[in-house]
Amino acid sequence: MQRKGTARPLLCGLLLLILPVHDVAALDWTDPEPFRRDRLSGREFDYNAESFLHRFSFEPKPALGGFRTLDSNGISTVAGSTRSRELYVRTDAQLELPLDGPAFAGYRFRRDEDFDGRFDQNLVGGGARVNGWQASVWGDVVGAKEDVDVHADLRWQGRQGNRIRAGIVAVDAFFNSKQRDGRYREYPYTYFLSGRWRATENLAFYGFSNVNAPVRLEMSTTGLRSDDEQYSGGVGVDLTVAPAVSASVELEGLYGLREQRALEGEVATEQRLRRSHVAVTAELRQRWDGGYRRWIGLRLLHFAENDRRPAAVTETVERERREYTLYGGQRWALGARTTFAPGVFLAFHDITEEYPDDSDSDGRDVGFYGKFTPALELVVNERTGGVVTLNPTVRLHRAAFGGGNVQVHLPF
């Protein structure tokens, strides 16, 4: 859908203004990913050979250790330089106020990106909690009523971290009745389900699914009919191997298809995007006395796009990338408030781009890419666990700066 303006709530706004502009998976395991109208036209930036490696190295590590999650009021943000004119930015902020009885009101802000582009989300709403259950309704409310999204959310939290969450998002809930430029023939509903279950004291399973149900949008202003559907999901397992040793494995996948055609007759060229993504991440972690921690992991990623949407035939492209990344790091406590957490990323990339109607533009990039991340973590609020991480990265495959990275985690 058309992106909406960024709100500045009283308690979160100051932090958002002073910062540049869920983990390290390519997909979001924690919140619904609703359909957006602007994704029909494609993302506004391109991926190069290092794009996914940059994003992976800019997130807090260890990757699967549940490190510094935002479970209460606060703000968590990541900003890293991927190019001279481009930042990778992910921000989550939430503020919740208790009301009389079991009720509460809240605000949630999210700034993120996915394979279709960058987006903001501002949710205002509330709900109630009773005996471990929480039901709530949220609105991404803007001035143009046809752009309003409505979120319904149901959660259960049990003992030992067991939990389940189900959500439905009615995207552009009032679109058909609030404007005359277009019409949904099939409305864009998103269905989200996630959960975690501890089978034993040392073994837990978790996962998610996100379904963007088939959508059909007809726009009289462009004379086009657009069809869209997308499915994603993931499963993971956490295992305690020994009192100080733990391991995790995650598998995630996505499939999406969108097409455009003329309302009357046929468009001049085929306009279709087919996308698939699969990633597997395995990680082993160890703790010991003195604030030390180390980890090693392996990430296998496959990403493919067949993009036949461009109006210019010569811009039709088939992309495929395979990335195999071995990563590791260690955390040393330098003092009561300072920790040094260097990491190393060693990756082999096999990336191809083929232009069926312009073979001279075909390209393939096969080779080694690496980064060193000398992260310095500073505790800025010992009571709440507020941490700021400075991470000036260095490329290993050539003598060059790898992009500055700042990570901010400030629970209220």
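Since we're looking at a predicted model, the values are computed, not measured. (Residues numbered from 1 in each chain as written. Predicted model: local features only at pLDDT ≥ 70, side-chain atom pairs only at ≥ 80, totals over all residues. Heavy atoms only, no water.)

Undergrad: Account for the overall build of the protein, naming residues and giving values.
TA: Helix and strand counts for the protein stand at three helices and 21 strands. Put simply, the protein shows about 19600 Å² of open surface, and 56% of that area lies on carbon and sulfur atoms. (Helix = DSSP H or I, 4+ residues; strand = E, 2+ residues; numbered from the N terminus. Areas by Shrake-Rupley, 256 points an atom, 1.4 Å probe, with all protein chains shown as cover.)

Undergrad: Could you give an account of the pairing of strand 21 (residues 405-411), with specific residues and numbers?
TA: For a regular strand, side-chain orientation follows a simple rule: the groups alternate between the two sheet faces. Of all seven residues that make up strand 21, six are buried, and the element is covered over most of its length. Looking at chain direction, strand 1 (residues 74-83) and strand 21 are connected through seven bridges and run antiparallel. Bridge assignment links G74 to a residue of strand 21, and that residue is P411. Bridge analysis of strand 18 (residues 386-390) against strand 21 gives four bridges, and the strand direction is antiparallel. (Buried < 20%, exposed > 50% of the residue type's maximum accessible area, 1.4 Å probe, protein only. Pairing = 2+ DSSP bridges.)

Undergrad: Could you give me a rundown of the nonpolar core, with the residues and numbers involved?
TA: In terms of nonpolar packing, the biggest core is built from 12 residues, these being L27, W29, F45, Y47, F52, F115, F192, Y206, F208, L254, L301 and F303. Sequence-distant contacts of L254, defined by excluding residues within four places in its chain, comprise L27, F115, Q230, Y231, S232, R275, S276 and H277. Residues A63, W295, Y327 and F345 belong to the second largest nonpolar core, which totals 10 residues. (Core = buried A, V, L, I, M, F, W, Y, C linked by side-chain atoms within 4.5 Å. Contact = heavy atoms within 4.5 Å.)

Undergrad: Account for the environment of V278, naming residues and giving values.
TA: By the element assignment, V278 lies in strand 13 (residues 271-288). With relative accessibility at 42%, the residue V278 sits in the partly exposed group. Taking the C-alpha atoms as reference points, V278 and H302, separated by 24 residues in sequence, lie 5.3 Å from one another. Residues contacting V278, with those up to four places away along its chain left out, are L251, E252, G253, L300, L301 and H302.

Undergrad: How would you summarise the side chain of R43 if you had to cite specific residues and measurements?
TA: Along the chain, the position of R43 falls in the loop between helix 1 (10-18) and helix 2 (51-58). Within the structure, the side chain of R43 is placed 2.7 Å from the backbone oxygen of F115, a separation counted as a polar contact. (Polar contact = N/O pair within 3.5 Å; in protein donor to acceptor, adjacent residues only side chain to side chain.)

Undergrad: Can you explain the packing of aromatic side chains? Please cite residues and give values.
TA: In the structure shown here, the tally under the stated rule is 20 aromatic pairs. Relative to F345, the ring of F56 has its centre 5.8 Å away and its plane inclined at 85°; by these criteria the two rings are edge-to-face. Of this pair, F56 sits in helix 2 while F345 is found in strand 16 (residues 338-354), placing the two residues 289 residues apart along the sequence. F345 sits in the buried class, given a relative accessible area of 2%. Each residue in the set F45, Y47, F52, F115 and F303 is aromatic and connected to the rest through ring pairs, giving one cluster. One residue, K61, lies across the ring of F56, its end atom 4.4 Å from the ring centre. R129 extends its terminal NZ or CZ atom over the ring of F104, reaching a point 4.4 Å from the ring centre. (Phe/Tyr/Trp six-rings, centres within 6.5 Å; stacked < 30°, edge-to-face > 60°. Lys NZ or Arg CZ within 6 Å of the ring centre and 35° of its normal.)

Undergrad: How would you summarise the confidence of the model for the protein if you had to cite specific residues and measurements?
TA: Residue-level pLDDT values for the protein average 89, and 89% of them are 70 or greater. In this model residues 1-22 is a low-confidence stretch, pLDDT under 50, and it forms 60 contacts with partners more than four residues away in sequence or in other chains. (pLDDT = per-residue confidence, 0-100.)

Undergrad: Lay out the side chain of R39 with the relevant residues and their values.
TA: Checked against the element boundaries, R39 lands in the loop between helix 1 and helix 2. A polar atom in the side chain of R39 sits 3.3 Å from the side chain of N212. For R39, the residues in contact, after removing those within four places along its chain, are P34, D116, N212, D228, Q230, R258 and R309.

Undergrad: Tell me about unusual backbone geometry, and please be specific about residues and values.
TA: Generally, phi is negative for residues other than glycine and the peptide bonds are trans, each holding for most cases. Residues K61 and P62 are joined by a peptide bond in cis, for which omega reads 10°. Within the chain, N131 stands out as a residue other than glycine whose phi angle is a positive 55°. Looking at where N131 falls in the secondary structure, it is placed in the loop between strand 4 (117-130) and strand 5 (133-140).

Undergrad: Can you break down the environment of L87 residue by residue, with the values?
TA: Topologically, L87 is positioned in strand 2 (residues 86-98). Taking the C-alpha atoms as reference points, L87 and R55, 32 residues apart in sequence, are found 9.7 Å from one another.

Undergrad: Let's hear about the pattern of salt bridges: which residues, and what values?
TA: Taken as a whole, this structure holds 41 salt bridges when the rule is applied. The residue R261 makes a salt bridge to E259 at a minimum N-O spacing of 3.7 Å. The salt bridge partner of R321 is E323, with a shortest N-O separation of 2.7 Å. E323 gets classed as buried once you look at its relative accessible area, which sits at 2%. It is possible to trace a salt-bridge network through shared partners that takes in R39, R43, D116, D228, R258, R275, E305, R319 and E353. (Salt bridge = Lys/Arg side-chain N within 4 Å of Asp/Glu carboxyl O.)

Undergrad: How would you explain helix 2 if you had to name every residue and give the values?
TA: Of all eight residues in helix 2, eight are buried, a share of seventy percent or more. Considered for burial, the residues of helix 2 that qualify are S51, F52, L53, H54, R55, F56, S57 and F58.

Undergrad: Describe the pairing of strand 3 (residues 103-114), listing the residues and the values that go with them.
TA: Strand 3 sits mainly inside the fold: 10 of its 12 residues count as buried. Counting the residues that bridge the hairpin from strand 2 to strand 3 gives four residues, and of these G101 lies at a positive phi of roughly 70°. Relative to strand 4, strand 3 runs antiparallel, the two sharing 12 bridges. Looking at strand 4, one finds that A105 is bridged to G126. The hairpin formed by strand 3 and strand 4 contains two residues between the paired strands.

Undergrad: Talk me through the environment of F115; I want residue IDs and the actual numbers.
TA: Residue placement: F115 occurs in the loop between strand 3 and strand 4. Counting along the chain gives 88 residues from F115 to L27, while the straight-line C-alpha distance between them is 8.9 Å. Excluding anything up to four places from it in sequence, F115 contacts A26, L27, R43, Y47, F52, L254, R275, H277 and F303.

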